[in-house]
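# Structural features, examined
Each chain, written out:
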Amino acid sequence: MEAHVNAKVLLNHATSLHLHTGNLVNRSRLKKKCPSSPSEELQDCIQATLSKWFATMPPTLETELPVTLDCSIPEETEPITAEEREELKVSVKIFLSDCDCSFIRSAVEMACHSLGVSQLDSVIIAPPPLPDGDNQTLEHLQPLWAELEGLVRSKKVTAIGTSDLDKTLLEQLYNWAQVKPSSNQVNLASCCVMPPDLTAFAKEFDIQLLTHNDPKELISATAFQEAVQESIQDQQVADWSLEWVLRYSLIVKSRGIIKSKGYLVHAKKSNL
């Protein structure tokens, strides 16, 4: 009961929330049900991580309450050792809730810190969902891409990629960009076969085409608030909103298997 009360006190006082689900490769062995979608997986992970973290609350809280809650379960997070680093490819995909470019740098820095690395091998950006009827344009992408290019120049990231660009937009970005996209993810739910014009352009300019099954909005504001609500009953959560989600995977290069995968989440409390 005390942990439940303390969790509410912490959540009421805090203005931001960092959450690291830890390695889902290990956790999935213990899960009874398989999530039907990336959205459901993320919602389950947020709820489970928060519940476990709040359950570890000490009986008495420190007098100085934190404004940022760092929610992670130490035994479920495994920083990469220096010996392992050469053997692993660290790939991430960042899902943005809006076009604030600072979110990209924050997400990359939090990933490096959480995983114990100085550089990410690959970063793919999923721009924020647009209102119905609006189409993605180069003008939407340029500030986000410029932020990624800065991370390449500062050696925080090796390669950068895009998501769900058709041939026309990928070509526009390629021609404008200083650091060229190394990959473009295509959602096979929207096209069962790779468009021939996209395939030809990617082949000519050495852009890797990858597939994914992520929805346009990885997790809705409502679903995020439900996950927080389920982890701590009777808590007002309407003023909490997601800023970004980062999904990472650590792949053993020589064997092509996933050693570790998980999510990092950053949320903010608005001043209602």
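An unreviewed UniProt entry lists the protein under the name Glutamate--cysteine ligase regulatory subunit, with Coilia grayii as the source organism. One UniProt comment on the protein, placed under Pathway (unreviewed entry), says "Sulfur metabolism; glutathione biosynthesis; glutathione from L-cysteine and L-glutamate: step 1/2." Looking at the protein in UniProt, the text filed under Subunit (unreviewed entry) is "Heterodimer of a catalytic heavy chain and a regulatory light chain."

## Structural notes on the overall build of the protein
Scanning the protein from N- to C-terminus turns up 9 helices and 9 strands. Computed over the C-alpha atoms, the radius of gyration of the protein is 19 Å, within 12% of the 19 Å expected from 2.2 N^0.38 for a compact globule of 272 residues. Relative to its 272 residues, the protein shows a buried fraction of 47%. For the protein, long-range pairs separated by at least 24 residues make up 74% of all intrachain contacts whose partners lie at least 6 apart in sequence. Element-wise, carbon and sulfur atoms account for 52% of the exposed surface of the protein, whose accessible area totals about 14,100 Å². Between the mean site of the 25 positive side-chain charges and the mean site of the 36 negative ones, the protein shows a separation of 6 Å.

## Here we look at the nonpolar core
Grouped together as the largest cluster of nonpolar side chains are 46 residues, with contacts concentrated most on Ile94, Leu120 and Leu246. For this core, the secondary-structure elements that each account for two or more residues are β3 (88-96), α5 (102-115), β4 (120-126), α6 (138-153), β5 (157-163), α7 (167-176), α8 (196-204) and β8 (240-252). Here this core gets 8 residues from one element, more than from any other, and that element is α5. The residues contacting Ile94, other than those within four sequence positions of it, are Ile104, Ala107, Val108, Val123, Ile124, Ile125, Ala126, Val245 and Leu246. Of all hydrophobic cores here, the second largest spans 33 residues; its members include Leu10, Leu24, Val228 and Trp240.

## Some details on the pairing of strand β6 (residues 183-187)
Across a regular strand the side chains alternate sides, sitting on one face of the sheet and then on the other. β6 sits mainly inside the fold: 5 of its 5 residues count as buried. Note that β5 and β6 share 3 bridges and pair parallel. Of the residues in β6, the one forming a bridge with Gly161 is Ser183. A crossover links β5 with its parallel partner β6, the connecting element being α7, and its sense is right-handed.

## So, α7
Those residues of α7 not exposed but buried are Leu169, Leu170, Leu173 and Tyr174. The buried residues of α7 occupy an angular sector of 135° when projected down its axis, which confines them to one face. As for α7, its buried residues are in contact with α6, β5, β6 and α8.

Reading the values: the criteria
Residues numbered from 1 in each chain as written. Predicted model: local features only at pLDDT ≥ 70, side-chain atom pairs only at ≥ 80, totals over all residues. Heavy atoms only, no water. UniProt positions renumbered as here; feature names shortened; annotations may be inferred. Helix = DSSP H or I, 4+ residues; strand = E, 2+ residues; numbered from the N terminus. Rg over C-alpha atoms; globule rule 2.2 N^0.38 Å. Buried < 20%, exposed > 50% of the residue type's maximum accessible area, 1.4 Å probe, protein only. Contact = heavy atoms within 4.5 Å. Areas by Shrake-Rupley, 256 points an atom, 1.4 Å probe, with all protein chains shown as cover. Lys, Arg positive; Asp, Glu negative; His and termini not counted. Charge placed at Lys NZ, Arg CZ, Asp CG, Glu CD. Core = buried A, V, L, I, M, F, W, Y, C linked by side-chain atoms within 4.5 Å. Pairing = 2+ DSSP bridges. Right-handed = clockwise from strand over helix to strand, strands pointing away. Arc of directions from axis to C-beta.

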